[in-house]
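As a plain string of letters, each chain reads:
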Amino acid sequence: MAQVPVRARAANEPDRQVVADLFLLHLPDGAEIVPGAEIAEARWVDPAYDDIPLAPLTAEEILPRWVSGAFAPQQAG
């Protein structure tokens, strides 16, 4: 599992930042993703589809990293 710390402006609080640790987790085929606690919704997003309002952390940090391959598995050395 890879961990990457990131910062972004807060979605609903002016002049605030959020700090997040991103984790890449490989799930088995057919695994169900279920939102809980403060997570209201979980859904699959196509980064090329821009009609979905996304928080700055997702739009400016997570999706660009995913598209660039930054979450690709590291080779053992």
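Up top you'll find the structure we're talking about.
Now for a description of the structure that goes with this document.

Further remarks concern the nonpolar core. With seven residues, the main nonpolar core is built from Val6, Ala8, Ala20, Leu22, Leu24, Leu57 and Phe71. Of all elements in the fold, only strand 1 (2–9) and strand 2 (17–24) reach the threshold of two or more residues within this core.

It is worth spelling out unusual backbone geometry at this point. Its identity as a non-glycine residue notwithstanding, Asp15 has a phi of 65°, on the positive side. Turning to its location among the elements, Asp15 is positioned in the loop between strand 1 and strand 2. You will see that Ala37, though not glycine, has its phi angle at about 55°, which is positive. By secondary structure assignment, the location of Ala37 is in the loop between strand 2 and helix 1 (56–68).

In this model, the largest pocket occupies a volume close to 1800 Å³. Forming the boundary of the largest pocket are 34 residues, of which Ile33, Ala42, Arg43, Trp44 and Ile62 lie nearest the centre. Elements with a contribution of two residues or more to the lining of the largest pocket: strand 2 and helix 1. In terms of residue class, the lining of the largest pocket is made up of 26 nonpolar, four polar and four charged.

A few words now on the pattern of salt bridges. Here the structure, examined in full by the defined rule, presents three salt bridges. As a salt-bridge pair, Arg9 and Glu60 come within 2.7 Å of each other at their nearest N and O atoms. On the criterion of sequence distance, the pair formed by Arg9 in strand 1 and Glu60 in helix 1 is long-range, its members being 51 residues apart. For Glu41, the salt bridge identified is with Arg43, shortest N-O distance 3.7 Å.

A separate point is helix 1. Helix length check: helix 1 (13 residues) gives 17 Å between terminal C-alpha atoms against 18 Å at 1.5 Å per residue, within 8%. Along its length, helix 1 reaches its greatest deviation from straightness, about 30°, at Ile62, and the proline Pro64 lies no more than four positions downstream. Along helix 1, the residues classified as buried are Pro56, Leu57 and Leu63. The first or second residue beyond helix 1 is Gly69, which carries a positive phi of 90°.

Criteria and thresholds
Going along each chain's sequence as written, the residues are numbered from 1 onward. For a predicted model such as this one, the threshold for reporting local features is a pLDDT of at least 70, and the threshold for listing and counting side-chain atom pairs is 80 or more; totals across whole chains, interfaces and linings nevertheless cover every residue. Computation of side-chain values: all heavy atoms of the structure, hydrogens and water removed. In these notes, a set of buried Ala, Val, Leu, Ile, Met, Phe, Trp, Tyr and Cys residues joined through side-chain atoms within 4.5 Å is what counts as a nonpolar core. Exposure is judged per residue with a 1.4 Å probe applied to protein chains only, and the accessible area is read against the type maximum: over 50% gives exposed, under 20% gives buried, and values in between give partly exposed. Numbering of helices and strands starts at the N terminus; helices are DSSP runs of H or I of at least 4 residues and strands are runs of E of at least 2. Definitions used for this entry: grid spacing 1 Å over protein atoms alone; cavity, a set of points where a 1.4 Å probe fits but cannot get out; pocket, an open set with protein on both sides within 12 Å along at least 5 of 7 lines; lining residue, one with an atom within 4 Å of a point. Grid points are joined across faces, edges and corners, and a volume is the space filled by probe spheres set on the points. Gly counts as polar in this scheme, as do all residues outside two lists: the nonpolar Ala, Val, Leu, Ile, Met, Phe, Trp, Tyr, Cys and Pro, and the charged Asp, Glu, Lys and Arg. Think of a salt bridge as a Lys or Arg side-chain nitrogen and an Asp or Glu carboxyl oxygen that are within 4 Å of each other. What a helix is expected to span follows from its residue count: subtract one and scale by 1.5 Å. To get the bend at a residue, fit one axis to the 7 residues ending there and another to the 7 starting there, then take the angle between the axes.

Without other data, these values stay purely geometric and don't point to any function.
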